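Structural overview
Next come the chains, spelled out residue by residue.
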Amino acid sequence: MTVSPLRRALTVLAVATFTVAAAPAVAAAEPDPKALTWTVQPATASGPDERRWINASLDPGKVVTEHLAVRNFSRNAVVFSLKAADGYLTDKGRFNMLSSDRPSVDGGTWIDVQERVTVGPDETKVVPFTITVPRNATPGDHPAGIAATVTSTGGTVNVESRVGFRVMVRVNGSVRAALPIQGLTTTYTPSWNPFAAGTVRVRYTVVNDGNVWVSGTSRVAVSDPLGVTGHDATSAVEELLPGGSRQVETRAHGVWALGRLRTTVTTSPALLGDGQAGADLREVTATVTTWVVPWAQLGLLCLLAVLLIGARAAARHRRRRLAGLLERARQEGRQEGQESVLVGGAASGGEPDPDDARH
């Protein structure tokens with residue numbers, strides 16, 4: 001039976017399928033999860049409400065009763081197992097809860113819910129559950145999840161399909177949040193066009209070493225000692241649970257390689273869930289210096305130097321050739337002048353005319 005978009009939107013924690021070792025069992029009487037469709041969502045005693053998940057801010061030793069609603073869209077009645085477990089974020093930033101073969105040690109152990117519930121075809125059942133905060137619980141967020149599951153057996157493994165939502169329990173007390181930066185590295189990629197700037201790739205890991213669920217912002221600034229090159233970009237840090245980490249990569253375009261590049265990353269946390277007055281929110285800054293060589297620009301300078309040296313050499317050659325030609329012309333002029341003098345002297349001092357002698 002198909003599910004409308006609205007009904008799909010009610011499913012907060014997507015169906016997760018995993019396998020755990022189990023002894024062989026008879027599977028004929030068990031439901032096939034592929035033929036079932038169901039949702040689980042927060043509720044009040046009277047029915048489902050508009051919450052996507054449950055946020056509970058409690059003092060140590062406090063007990064609170066909440067409700068969940070299981071809706072069976074299938075054609076047959078189904079017996080669902082109800083389970084709670086510690087919550088975590090996957091590498092892709094999606095919330096999930098520990099599988100049944102992994103023991104919970106934190107918020108998942110604080111949730112007490114009945115083990116099973118039978119839901120008829122196209123029926124919704126509301127089930128109460130309690131959250132009990134231990135008296136020695138540490139302040140901060142303790143993520144958990146609660147789900148309705150169906151298990152089928154195939155061969156020697158059990159296949160468990162579950163649908164549920166997150167339960168974020170915040171123990172009241174001192175709240176601190178910071179996003180320190182680890183493994184900050186930069187790589188400069190120049191443009192082979194000497195008239196175009198290059199790109200700085202910035203990579204680092206953001207760690208939530210506070211005790212609350214946070215998101216935040218990350219600002220990257222790249223500059224050179226003279227302030228000629230500059231890049232300032234701000235990006236969002238996706239949600240992180242206490243102790244979680246996330247790798248971040250940013251590219252700064254339009255950066256000129258002028259020797260030393262200084263890259264500074266600053267993170268600012270922001271609380272998620274219920275806000276709390278007096279929270280200690282700290283900015284964290286990390287800096288790395290990279291030395292880069294402007295090869296394209298140096299190549300252009302070398303080319304210009306070669307061209308300049310060649311032009312000066314050619315100019316000197318032309319001047320020398322011109323000077324040689326001028327000197328040759330002067331020498332030829334002097335030689336012609338000497339020859340003219342010799343010819344003129346010979347004509348005026350020659351033999352007397354015989355006719356003049358007879359007179």
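Let us look at the structure shown here.

1. Structural notes on the pattern of salt bridges
With the rule as written, the count across this model stands at 10 salt bridges. Here Asp141 ties to Arg170 by a salt bridge, and the two come within 2.6 Å at their closest N and O atoms. Of the two residues, Asp141 is situated in strand β11 (residues 140–154) and Arg170 in strand β12 (residues 157–171); the sequence distance between them amounts to 29 residues. This pair shows no difference in class: Asp141 is buried, exactly as Arg170 is. Residue Glu239 pairs with Arg166 through a salt bridge whose shortest N-O separation is 3.3 Å. In this pair, Glu239 sits in strand β17 (residues 230–240) while Arg166 sits in strand β12, placing the two residues 73 residues apart along the sequence. The class for Glu239 is buried, based on a relative accessible area of 19%. Look at Arg166 and you get buried, because its relative accessible area is 7%. Connected through salt bridges with shared partners, the residues Asp49, Arg51 and Glu66 form a single ionic network.

2. Observations regarding the nonpolar core
Among soluble globular proteins, nonpolar side chains are generally buried collectively. The biggest cluster of nonpolar side chains holds 30 residues, and the ones touching the most others in it are Leu68 and Phe80. The element best represented in this core is β12, accounting for 5 residues. Residues in contact with Phe80, not counting those within four places in the same chain, are Trp38, Val70, Asn72, Glu115, Arg116, Val117, Val119, Ala148, Thr149 and Val150. Ranked by size, the runner-up nonpolar core spans 25 residues in total, among them Val200, Val206, Val237 and Ala286.

3. Examining the sheet that holds strand β5 (residues 63–72)
Think of a sheet as strands paired side by side through backbone hydrogen bonds, with each pair either parallel or antiparallel. Reading across from one edge, β3-β2-β5-β10-β8 is the order of the 5 strands in this open sheet, with antiparallel pairing throughout. The open sheet has two edge strands, β3 (47–48) and β8 (111–113), and neither has a second partner.

4. Examining the sheet that holds strand β18 (residues 245–255)
Read from one edge to the other, the open sheet built from 3 strands follows the order β14-β15-β18, with strand pairing classed as antiparallel. Edge positions in the sheet fall to β14 (181–189) and β18, since each has one partner strand and no second. Neighbour-to-neighbour, the strand axes of this sheet turn through a mean angle of 15°, independent of strand direction. As judged from the 7 bridges shared by β14 and strand β15 (residues 198–207), these two strands associate in the antiparallel manner. The residue bridging Tyr188 from the neighbouring strand is Val200, located in β15.

5. Quick word on a positive patch on the surface
A grouping of Arg312, Arg316, Arg318, Arg319 and Arg320 is seen on the molecular surface, where their side chains present a positively charged patch. Mapped onto the elements, Arg316 comes out in helix α2 (residues 295–348).

6. Remarks on the side chain of Arg246
On the secondary structure map, Arg246 appears in strand β18. On the basis of relative accessible area, Arg246 is assigned to the buried category, the value being 14%. In this structure the side chain of Arg246 is engaged in a polar contact, spanning 2.8 Å, whose partner is the backbone oxygen of Glu239. Residues contacting Arg246, with those up to four places away along its chain left out, are Leu89, Asp91, Lys92, Gly93, Tyr204, Thr205, Val206, Glu238, Glu239 and Leu240.

7. So, the environment of Lys125
As for its position among the elements, Lys125 is in strand β10 (residues 123–132). Residue Lys125 is classed as partly exposed on the basis of its relative accessible area of 29%. Taking the C-alpha atoms as reference, Lys125 lies 8.3 Å from Leu68; in sequence the two are 57 residues apart. In contact with Lys125, other than residues within four places in its own chain, are Leu68, Ala69, Val70, Val117, Thr118 and Val119. A distance of 2.7 Å separates the side chain of Lys125 from the backbone oxygen of Thr118, its partner in a polar contact.

Cut-offs used in this document
Residues numbered from 1 in each chain as written. Predicted model: local features only at pLDDT ≥ 70, side-chain atom pairs only at ≥ 80, totals over all residues. Heavy atoms only, no water. Salt bridge = Lys/Arg side-chain N within 4 Å of Asp/Glu carboxyl O. Helix = DSSP H or I, 4+ residues; strand = E, 2+ residues; numbered from the N terminus. Buried < 20%, exposed > 50% of the residue type's maximum accessible area, 1.4 Å probe, protein only. Core = buried A, V, L, I, M, F, W, Y, C linked by side-chain atoms within 4.5 Å. Contact = heavy atoms within 4.5 Å. Pairing = 2+ DSSP bridges. Axes fitted to C-alpha atoms, helices over the stretch in contact; angles between N-to-C directions. Patch = residues over 30% accessible without salt bridge, like charges linked within 9 Å, V, L, I, M, F, W, Y side chains within 5 Å. Areas by Shrake-Rupley, 256 points an atom, 1.4 Å probe, with all protein chains shown as cover. Lys, Arg positive; Asp, Glu negative; His and termini not counted. Charge placed at Lys NZ, Arg CZ, Asp CG, Glu CD. Polar contact = N/O pair within 3.5 Å; in protein donor to acceptor, adjacent residues only side chain to side chain.

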